[in-house]
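Now for the letters of each chain:
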Amino acid sequence: MICKYVFGKPIETGAVVADVAQCTQPLSLMQVEQGPAGVVLSCQMGPKDVVYGLGEQVRGINKRGFSYISYAIDGPIHTENRHSLYGGHNFLIVSRAQKQPFGIFVDNPGKVVFDVGEARMDRLEIQAGSDCVIYTIEEEGLKEVAKSFRRLVGQSYAAPKWAFGYQQSRWGYQNEADVRAVVDGYHGNGIPLDAVYLDIDYMDHYKDFTVDQEKFPDFAGFVGSMKARGVRLVPIIDAGVKIEKGYPVYEEGVANNYFCKDEDGTDFVGAVWPGKSHFPDVLNTAAREWFGGKYQWLMDQGIEGFWNDMNEPALFYSEKRLKQTMDEVLAMKDQNLDIHSYWQLIEKIDGLCNHPQDYKSFYHNKDGERICHDDVHNLYGFYMTKAAADAFCKIAPHKRTLLFSRSSYIGMHRYGGIWTGDNASWWSHLLLSIQQMPSLNMCGILYTGSDIGGFGNDTTQDLLLRWLEFGIFTPLMRNHAAADTREQEAYHFDRIEDFRNIIRIRYGLLPYLYSEFMKAVLNDEMYFRPLAFDFPDDAHAAKVEDQLMVGESIMIAPVYTQNATGRYVYLPQDMLMVCMKSLEGRQCQVMEKGHHYVDIALNEVVFFVRKGHMLPLAVLDSGLTSTADMEDCEYEWIGYTDNAAEYILYDDDGMTTDYTPRSEWKKTVRTKEELAWG
Ligand code: MIG
């Protein structure tokens with residue numbers, strides 16, 4: 001049951017698609033107070049209650065014990081003291097002992113604060129803002145609450161099938177030769193690869209929708225030649241548009257008032273890569289259509305996928321703040337800086353970027369209505385991504401174009417996926433990435449993954465291997481690193497065969513992973529789930545923070561600590577442990593419900609098949625280079641059952657939005673004897 005409550009005069013965000021009538025009864029699941037700070041919802045949490053959700057945030061699957069602020073920020077240090085990351089995902093589920101769980105969604109694109117037991121361990125308090133719509137969802141179980149929420153916010157985006165292949169990125173690839181070296185490095189070592197990303201250096205002076213002619217003299221030809229090798233190029237698009245006379249995107253934006261405005265009505269100036277920039281007013285329909293249309297120029301040259309970056313939007317500085325700061329800093333010249341003034345200096349410089357005051361200083365024209373950016377801050381990435389997705393519908397109707405964004409708000413999941421931003425090559429971030437996946441899925445964001453190997457800092461061979469062993473299960477499987485870090489393409493390391501084997505296992509699992517992903521899309525379900533969602537009556541399952549259910553048949557328990565040669569695993573039921581050092585060689589062992597210590601070598605993939613379930617494994621040629629080589633491949637079946645198991649395989653062309661009708665979903669049955677796991 002979904003109830004809707006409206007407070008103040010909320011802005012239409014586009015998060016919700018279902019028609020829900022306003023509730024006539026007052027909200028009773030939580031206490032409601034309305035004061036100068038807006039609407040405050042609160043409730044007691046029992047000692048065993050668990051709070052799930054909030055999408056892209058730090059800390060565990062159970063969000064208790066910290067406060068989280070929905071206010072998108074370009075903050076690359078994802079340590080446990082961070083209250084905000086890149087998105088605003090205002091949905092959580094409270095799992096209560098002896099009572100039905102309930103979900104709550106705060107539809108307010110400004111700042112929203114969730115104190116999940118930080119101020120007081122037993123109290124959940126939500127500062128929802130003055131103008132908001134609150135939805136409460138009560139269903140019998142956790143899965144049902146999540147599903148009900150997804151019906152409310154609409155069907156998730158489905159990426160093309162090639163985007164489920166392995167992908168390589170690095171901030172620093174400059175030109176054709178760099179990209180070619182990556183493709184040669186992978187394919188030359190027998191490692192499949194489906195995409196290489198173009199980070200900001202492909203552009204002419206960081207101008208959106210341009211390509212540096214010297215680096216890519218025949219861009220369309222190059223895109224085509226890589227595609228012929230099974231590799232798509234995926235360029236980045238930044239939110240900020242360079243201010244430069246004669247640059248058409250700038251000129252058109254200014255001429256048509258398509259950019260966000262300063263208080264005084266002039267175009268707001270903030271800086272990002274190209275220096276001073278304007279920001280497309282993506283909340284304005286005409287501006288959004290115009291900006292989306294710009295993607296066509298790249299699509300005409302054969303591009304089939306994009307990643308939208310810096311759309312919190314990130315600001316290095318605003319023109320006004322820079323001037324003011326410079327004046328203040330200059331005034332400190334020749335002074336004897338002491339404990340106070342020294343720190344003031346540092347703070348002034350530090351405070352230049354992403355300053356809250358700057359977000360309060362510019363405005364959108366939401367189709368006639370002037371809105372301060374601060375009030376709709378979390379919508380920027382959503383609507384930048386919608387701009388592209390709406391344009392794709394016109395430019396390439398029915399075709400699936402790869403699209404994901406850094407910043408997002410609930411509702412954006414209908415238009416694209418996200419990646420989890422600038423993590424670091426830290427073991428703790430491998431764990432964080434595991435924990436973020438189900439929280440994101442709960443909010444509808446299914447096409448997602450983290451920068452494998454870690455973005456910032458130097459990775460190590462063991463971290464990359466362990467991260468890949470988890471990453472083979474994430475829909476977006478992309479290795480990405482920051483400029484000036486150690487090169488982390490797999491072929492730079494010793495024992496390339498380990499990397500080849502692990503990445504090939506991804507391709508072997510792909511029919512299952514894709515099938516489960518698409519079923520989650522089409523059925524409004526979660527692809528990654530915390531154990532408690534599948535085993536609600538198992539009190540121990542609710543405590544497991546480092547294992548996930550992936551689709552209907554398997555559970556994973558990734559290794560995320562350095563120098564570990566195994567780990568403790570909790571099995572909520574009898575399962576079949578499948579250990580693979582390569583796609584062709586596997587060992588299986590039946591394991592009983594309960595706690596186990598499991599050895600997992602550095603070059604080994606281990607997962608667990610639920611009793612009564614099975615999954616297909618593609619039989620692949622040793623020369624496999626990309627998903628393009630996988631059409632009509634044969635399957636073997638891995639499964640565990642006392643009598644017979646069945647699996648419904650979803651498949652389709654992976655290119656169009658003509659999803660296979662339910663009546664044609666293919667069911668396969670295998671008996672215990674046929675599955676022989678011995
Ligand atoms: O903050 O384009 O998150 O993936 O490599 C740096 C350069 C700007 C941030 C993205 C990252 C990308 C980088 N960008």
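Residues numbered from 1 in each chain as written. Predicted model: local features only at pLDDT ≥ 70, side-chain atom pairs only at ≥ 80, totals over all residues. Heavy atoms only, no water.

Engineer: Mind showing me how you'd approach the sheet that holds strand E5 (residues 66-70) here?
Structural biologist: The pairing of strands in a sheet happens through backbone hydrogen bonds and is either parallel or antiparallel. Pairing is antiparallel across the open sheet formed by 5 strands, whose spatial order is E2-E3-E10-E9-E5. Unpaired on one side and paired on the other, strand E2 (31-35) and E5 mark the two borders of the sheet. For this sheet the average axis-to-axis angle between neighbouring strands, irrespective of direction, equals 15°. By the bridge criterion, 6 bridges tie strand E3 (residues 38-44) to strand E10 (residues 123-129) in an arrangement that is antiparallel. (Pairing = 2+ DSSP bridges. Helix = DSSP H or I, 4+ residues; strand = E, 2+ residues; numbered from the N terminus. Axes fitted to C-alpha atoms, helices over the stretch in contact; angles between N-to-C directions.)

Engineer: Which parts of the structure should I look at to understand the packing of helix H11 (residues 427-442) against helix H12 (residues 461-471)?
Structural biologist: The relative placement of two packed helices comes down to the angle between their axes together with the axis-to-axis distance. Packing of H11 against H12 leaves a shortest axis separation of 10 Å and a crossing angle of 10°. Comparing their axes, H12 and H11 come out roughly parallel. Between H11, through Trp427, His429, Leu430, Ser433, Ile434 and Met437, and H12, the contact on the second element is made entirely by Asp462, Leu463, Arg466, Trp467 and Phe470. Of the residues contributing to the contact of H11 with H12, the split by class is 7 nonpolar, 2 polar and 2 charged. (Parallel < 35°, antiparallel > 145°, perpendicular 65-115°, else oblique. Contact = heavy atoms within 4.5 Å. Nonpolar A, V, L, I, M, F, W, Y, C, P; charged D, E, K, R; others polar.)

Engineer: Which parts of the structure should I look at to understand the sheet that holds strand E29 (residues 528-529)?
Structural biologist: Pairing within the open sheet is antiparallel, and its 6 strands lie in the order E29-E30-E31-E36-E33-E34. Lying at the two open borders of the sheet, with one neighbouring strand each, are E29 and strand E34 (586-591).

Engineer: Help me out: how do you make sense of the site of the ligand in this one?
Structural biologist: For the ligand, the set of nearby residues contains 13 residues, the closest of which are Asp199, Asp309, Arg406, Asp422 and His480. Within the side chain of Asp199, one N or O atom sits 2.5 Å away from an oxygen atom of the ligand. Within the shell around the ligand, the residues separate by chemical class into 8 nonpolar, 1 polar and 4 charged. (Near = heavy atom within 4 Å. Polar contact = N/O pair within 3.5 Å; in protein donor to acceptor, adjacent residues only side chain to side chain.)

Engineer: Sorry if this is basic, but what is going on with helix H2 (residues 176-187) here?
Structural biologist: Since the α-helix turns once every 3.6 residues, residues separated by three or four places project in the same direction. Its 12 residues place the ends of H2 16 Å apart at the C-alpha level, agreeing with the 16 Å of an ideal helix rising 1.5 Å per residue. Of all the positions in H2, only Glu176, Val179, Val182, Val183, Gly185, Tyr186 and His187 are classed as buried. Elements that come into contact with the buried residues of H2 comprise strand E12 (166-168), strand E13 (195-198), helix H3 (219-228), strand E14 (232-238), strand E28 (477-479) and helix H13 (496-522). (Expected span 1.5 Å × (residues − 1). Buried < 20%, exposed > 50% of the residue type's maximum accessible area, 1.4 Å probe, protein only.)

Engineer: What should I look at first to understand the nonpolar core in this one?
Structural biologist: Here is a general trend for soluble globular proteins: nonpolar side chains tend to be buried in one another's company. Core analysis: the biggest nonpolar cluster contains 176 residues, and Phe91, Tyr295, Leu402, Tyr447, Phe473 and Phe607 have the highest contact counts within it. In this structure, Leu402 is in contact with Tyr157, Ala159, Pro160, Trp162, Ala163, Gln167, Tyr197, Val234, Glu304, Gly305, Phe306 and Tyr447, ignoring residues within four places of it in sequence. Judged by nonpolar contacts, the second largest core, of 30 residues, contains Tyr68, Phe102, Phe114 and Val116. (Core = buried A, V, L, I, M, F, W, Y, C linked by side-chain atoms within 4.5 Å.)

Engineer: Just to check I follow, could you spell out the pattern of salt bridges for this structure?
Structural biologist: Two side chains bearing opposite charge may form a pair once their charged atoms approach each other closely. In this structure the tally under the stated criterion is 43 salt bridges. Note that Asp204 is salt-bridged to Lys207, the shortest N-O span being 3.4 Å. On the accessibility criterion, Lys207 (8% relative accessible area) is buried. Note that Arg321 and Asp358 form a salt bridge whose closest N and O atoms lie 3.1 Å from each other. (Salt bridge = Lys/Arg side-chain N within 4 Å of Asp/Glu carboxyl O.)

Engineer: Would you take a moment to explain unusual backbone geometry for this structure?
Structural biologist: Backbone geometry follows two general trends: most residues other than glycine have a negative phi, and most peptide bonds adopt the trans configuration. A cis geometry characterises the amide bond from Glu312 onward to Pro313, with omega recorded as -10°. In this structure, Pro313 sits in the loop between strand E19 (305-309) and strand E20 (317-318). The phi angle at Asn257 is positive, at roughly 55°, despite the residue not being glycine. Looking at the secondary structure, you find Asn257 in the loop between helix H4 (248-255) and strand E16 (261-262). Here the phi dihedral of Arg495 falls at roughly 50°; this positive angle occurs in a residue that is not glycine. Within the element layout of this structure, Arg495 appears in the loop between E28 and H13. Residue classification places Arg495 among the partly exposed positions, given a relative accessible area of 45%.

Engineer: Honestly, the pairing of E13 in this entry has me stumped. Any pointers?
Structural biologist: Burial of E13 is two-sided: the residues Ala195 and Tyr197 facing one way and the residues Val196 and Leu198 facing the other way are all buried. The sheet contact formed by E12 and E13 spans 2 bridges and is parallel. Considered in E13, the bridge of Gln168 is made with Val196. Sheet topology places E13 next to E14; 4 bridges connect them, and they run parallel. Across the sheet, the residue bridging to Tyr197 is Val234, located in E14. Chirality of the crossover, the property in question, places the unit of E13, H3 and E14 among those that are right-handed. (Right-handed = clockwise from strand over helix to strand, strands pointing away.)

Engineer: Would you take a moment to explain helix H5 (residues 285-293) for this structure?
Structural biologist: Looking at H5, one finds that the buried residues are Ala287, Arg288, Trp290, Phe291 and Gly292. Residues of H5 that are buried make contact with E14, strand E15 (241-242), H4, helix H6 (295-299) and helix H10 (380-395). Backbone nitrogen of Ala286 and a side-chain oxygen of the N-cap are separated by 3.1 Å at the start of H5; the cap is Asn284.

Engineer: What is the right way to read the packing of aromatic side chains from this model?
Structural biologist: Describing an aromatic ring pair means giving the distance of the ring centres and the angle of the ring planes. Under the criterion given, the structure shown has 48 aromatic pairs. Ring geometry for Tyr527 and Phe528: centres 4.8 Å apart, planes at 85°, overall edge-to-face. The class of Tyr527 is buried, set by a relative accessible area of 1%. An angle of 75° between the planes, with centres 5.0 Å apart, marks the rings of Tyr568 and Tyr597 as edge-to-face. Residue Tyr568 is located in strand E32 (residues 566-571), and its partner Tyr597 is located in strand E35 (residues 594-599); the two are separated by 29 residues in the primary sequence. Aromatic ring contacts, followed pair by pair, group Tyr157, Phe164, Tyr197, Trp307, Phe404, Trp419, Tyr447, Phe470, Tyr514, Phe517, Tyr527 and Phe528 into a single cluster. The cationic tip of Lys207 hangs over the ring face of Tyr247; the distance from NZ or CZ to the ring centre is 5.5 Å. (Phe/Tyr/Trp six-rings, centres within 6.5 Å; stacked < 30°, edge-to-face > 60°. Lys NZ or Arg CZ within 6 Å of the ring centre and 35° of its normal.)

Engineer: How should a nonpolar patch on the surface be read in this particular structure?
Structural biologist: Together, Ile339, Tyr342 and Trp343 make up a nonpolar patch on the protein surface, roughly 350 Å² of accessible area in all. Tracing the chain through its elements places Trp343 in helix H8 (residues 339-350). (Patch = residues over 30% accessible without salt bridge, like charges linked within 9 Å, V, L, I, M, F, W, Y side chains within 5 Å. Areas by Shrake-Rupley, 256 points an atom, 1.4 Å probe, with all protein chains shown as cover.)

Engineer: I'm lost on the pairing of strand E39 (residues 644-649) in this one. Help?
Structural biologist: Remark: a regular strand shows side chains that alternate across the two faces of the sheet. The alternating pattern of E39 places Ala645, Tyr647 and Leu649 on a buried face, while none of Ala644, Glu646 and Ile648, on the opposite face, is buried. Across 6 bridges, the pairing between E39 and strand E40 (residues 666-671) is antiparallel. Each residue of the ladder has a partner; that of Ile648, found in E40, is Lys667.

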